[in-house]
Amino acid sequence: MKIKLLFGGIYSELAKSDKYEIEINDNIINIEKLLLVIKEKFNIDIKDDVDRGNAIVLINGRNIKAIGEFKINDGDFISIIPPIKGG
């Protein structure tokens, strides 16, 4: 199945682009599996950032921390962004 990835902020620099369409082989049901796929395909390890709240991962606009278990479907849009902070 194909999914779309959007990298924001520093992650787009690390991935060398902000948008990708990638092929994945199985239905990912948790954040650890998703982050492992990203690490394998792009050599970007953001697990610590996500665990500390320094990165937000959205699936079709919904924060995966609020979803818990999930299934990624063909055509889903995944965004990986640093949190927006203001002052």
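This structure is a prediction, so every number in the text was calculated from the model and none was measured.

Engineer: Describe the overall build of the protein, and please don't skip the residues or the numbers.
Structural biologist: In terms of regular secondary structure, the protein is built from four helices and five strands. For the protein, the N- to C-terminal ordering of α and β elements is β-α-β-α-α-β-β-α-β. Here the C-alpha atoms of the protein give a radius of gyration of 12 Å, agreeing with the 12 Å that 2.2 N^0.38 yields for 87 residues. Over its C-alpha atoms, taken along the principal directions, the protein stretches across nearly 40 × 30 × 20 Å. Relative to its 87 residues, the protein shows a buried fraction of 34%. If you take every contact in the protein between residues at least 6 apart in sequence, the share linking residues at least 24 apart comes to 51%. For the protein, the distance from the average site of its 13 positive side-chain charges to the average site of its 14 negative ones is 2 Å.

Engineer: I'd like a rundown of the nonpolar core, residues and numbers included.
Structural biologist: Judged by nonpolar contacts, the single largest core of 25 residues is most densely connected at Phe7, Phe42, Ile46, Val57, Ile72, Ile78 and Ile80. The set of elements that each furnish at least two residues to this core consists of strand E1 (2-7), helix H1 (10-15), helix H2 (31-42), strand E3 (56-59) and strand E5 (77-81). At six residues, H2 tops the list of elements feeding residues into this core. Here Ile72 is in contact with Met1, Ile3, Ile24, Asn27, Ile28, Leu34, Ile59 and Ile78, once residues within four sequence places are set aside.

Engineer: Quick one: what's the story with the pairing of E3, residue by residue and with numbers?
Structural biologist: Across four bridges, the pairing between E3 and E5 is antiparallel. Across the sheet, Leu58 pairs through a bridge with Ser79, a residue of E5. As defined by bridge partners, E3 adjoins strand E4 (residues 62-63) across two bridges and the pair is classed as antiparallel. Across the sheet, residue Ile59 finds its bridge partner in E4, namely Arg62. Where E3 hands over to E4, the hairpin turn is made up of two residues, of which Asn60 adopts a positive phi near 50°.

Criteria and cut-off values
- Residues numbered from 1 in each chain as written.
- Predicted model: local features only at pLDDT ≥ 70, side-chain atom pairs only at ≥ 80, totals over all residues.
- Heavy atoms only, no water.
- Helix = DSSP H or I, 4+ residues; strand = E, 2+ residues; numbered from the N terminus.
- Rg over C-alpha atoms; globule rule 2.2 N^0.38 Å.
- Buried < 20%, exposed > 50% of the residue type's maximum accessible area, 1.4 Å probe, protein only.
- Contact = heavy atoms within 4.5 Å.
- Lys, Arg positive; Asp, Glu negative; His and termini not counted.
- Charge placed at Lys NZ, Arg CZ, Asp CG, Glu CD.
- Core = buried A, V, L, I, M, F, W, Y, C linked by side-chain atoms within 4.5 Å.
- Pairing = 2+ DSSP bridges.

These values are about where atoms sit, not about what they do.
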